[in-house]
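Here is what each chain is made of, one letter per residue.
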Amino acid sequence: MATWRLLREPRAQVSCGLVRRACFGCPLTEARSGLLQRTKDLCLRPCRPRSSTAAAGASEEGVLLKWGLLLVPLTTFCLGTWQVQRRKWKLDLIAQLASRIAAEPIPLTLDPMELKELEYRPVKVRGHFDHSKELYILPRSLVDPEREAREAGRLTSNPENGANVVTPFYCTDLGVTILVNRGFVPKKKLKPETRLKGQIEDEIDLTGVVRLSETRKPFVPENNIEKNRWHYRDLEAMAKVTGAEPVFIDADFRSTVPGGPIGGQTRVSLRNEHMQYIITWYGLCAATSFMWYRKFIQKIPL
């Protein structure tokens, strides 16, 4: 209940030996005998105890903290659910790429719009190489699925470093020159004179998968055209240097010849780390939900 307190102002001396006080504009007079005389009705006001005001403020802060912290498990649950959907999408994409690369090869088309829809699609061409205009994409390691499967459980691995050899290939049936990634060579075999046996001069039938141009990723060096050191596929620049069309295919493993580059250097696996993210977000959701329940429902101090 509110208590009633009389508010006083400092005394003011008045004539006739009286002291006058006031309460919210209502004057009170006090004789020297100490008796208080009311000249008007006494003015009172309700006053709330300070303790109840502080308690109400603390209660409001507790409510805000309670529901504010509940956003943490709700947010982590939503992020975990989103990663579940992302993982499903990534698995579908990997399955599509695997089925595409295993499809029967089709004749190569030069239509740019069709080529954009044919990435990772096997195609076949017939013609011959121009070894005098080789390009080198480096550094690269050998794509060897069997070796990668053996070393999957190891903390470290030491794959052999080298380069991919890109050679202009004149297509006799199309009458144009395209770019072909013949495959991997180690550093000691980078120069053409060290692998003369693998420099095919005859007209051959070649099967490979279509690849599109790349954009430079962060921390990847710029291509050094003068030194013939390429770090990513820039088809327009490569075509300009070699005089070929900006059409690029990775030769398959069957194109490998003794002493030459090792074909089949197309890496079709995509990063799929969504399961780790799912475990992380759902784990945080469970932990924060448990802590919130103990503190705000069971009232157990953490």
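For the structure itself, look to the data block above.
Figured I'd write up the structure that's included with this text. Everything numeric here is computed off the predicted structure, so don't read it as measured data. (Residues numbered from 1 in each chain as written. Predicted model: local features only at pLDDT ≥ 70, side-chain atom pairs only at ≥ 80, totals over all residues. Heavy atoms only, no water.)

**Some words on the overall build of the protein chain**
Point 1. Summing up its helical and strand segments, the protein chain has six helices and 13 strands in all.
Point 2. Each of the 302 residues in the protein chain was classed as buried or not, and the buried ones make up 31%.
Point 3. When contacts within the protein chain are restricted to residue pairs at least 6 apart in sequence, long-range pairs at least 24 apart make up 61% of them. (Helix = DSSP H or I, 4+ residues; strand = E, 2+ residues; numbered from the N terminus. Buried < 20%, exposed > 50% of the residue type's maximum accessible area, 1.4 Å probe, protein only. Contact = heavy atoms within 4.5 Å.)

**Section: a nonpolar patch on the surface**
Point 1. Among the surface-exposed residues, Leu-65, Leu-69 and Val-72 lie close enough to one another that they form a single nonpolar patch of about 230 Å² accessible area.
Point 2. Its relative accessible area of 37% is what places Leu-69 among the partly exposed residues. (Patch = residues over 30% accessible without salt bridge, like charges linked within 9 Å, V, L, I, M, F, W, Y side chains within 5 Å. Areas by Shrake-Rupley, 256 points an atom, 1.4 Å probe, with all protein chains shown as cover. Salt bridge = Lys/Arg side-chain N within 4 Å of Asp/Glu carboxyl O.)

**A few points about the packing of aromatic side chains**
Point 1. Taken as a whole and assessed by the stated rule, the structure comprises four aromatic pairs.
Point 2. Here the aromatic rings of Trp-67 and Trp-292 are separated by 6.1 Å at their centres, their planes lie at 45°, and the arrangement is tilted. With a gap of 225 residues between them, Trp-67 in helix α1 (residues 50–69) and Trp-292 in helix α6 (residues 274–296) connect regions that are remote in the sequence.
Point 3. Take Trp-67: its relative accessible area is 48%, and that puts it in the partly exposed class. (Phe/Tyr/Trp six-rings, centres within 6.5 Å; stacked < 30°, edge-to-face > 60°.)

**As for helix α5 (residues 235–242)**
Point 1. Within α5, burial applies to Leu-235, Ala-237, Met-238, Ala-239 and Thr-242.
Point 2. Looking at the packing, one finds that the buried side of α5 touches β9 (135–141), β10 (161–171), β11 (176–186), β12 (204–211) and β13 (248–251).
Point 3. Backbone geometry just after α5 places Gly-243 at a positive phi near 80°.

**Here's the deal with the pairing of β12**
Point 1. With six of eight residues buried, β12 is to be regarded as a mostly interior element.
Point 2. As paired elements, β12 and β13 share four bridges and run antiparallel to each other. Paired with Arg-211 across the strands is Phe-248, a residue of β13. (Pairing = 2+ DSSP bridges.)

**Quick word on the pairing of strand β8 (residues 122–129)**
Point 1. Looking at chain direction, strand β7 (residues 106–107) and β8 are connected through two bridges and run parallel. Counted as the bridge partner of Ile-106 is Val-123 from β8.
Point 2. Bridge analysis of β8 against β12 gives six bridges, and the strand direction is antiparallel. Its bridge partner being in β12, Val-125 is matched across the sheet by Leu-206.
Point 3. Judged from the three bridges that link them, β8 and β10 form a sheet pairing that is antiparallel. Pairing of Phe-129 across the sheet is with Phe-169, part of β10.

**What to know about the nonpolar core**
Point 1. Counting 16 residues, the largest nonpolar core has Leu-108, Val-125, Phe-169, Ile-178, Val-180, Leu-206 and Ile-249 as its most contacted members.
Point 2. Listing elements by their share of this core, those giving two or more residues are β8, β10, β11, β12 and β13.
Point 3. Discounting chain neighbours no more than four positions away, the residues touching Leu-108 are Leu-115, Val-123, Lys-124, Val-125, Leu-174, Ile-178, Val-210 and Val-247.
Point 4. Listed in part, the 10 residues of the second largest apolar core include Leu-135, Ile-137, Leu-179 and Leu-235. (Core = buried A, V, L, I, M, F, W, Y, C linked by side-chain atoms within 4.5 Å.)

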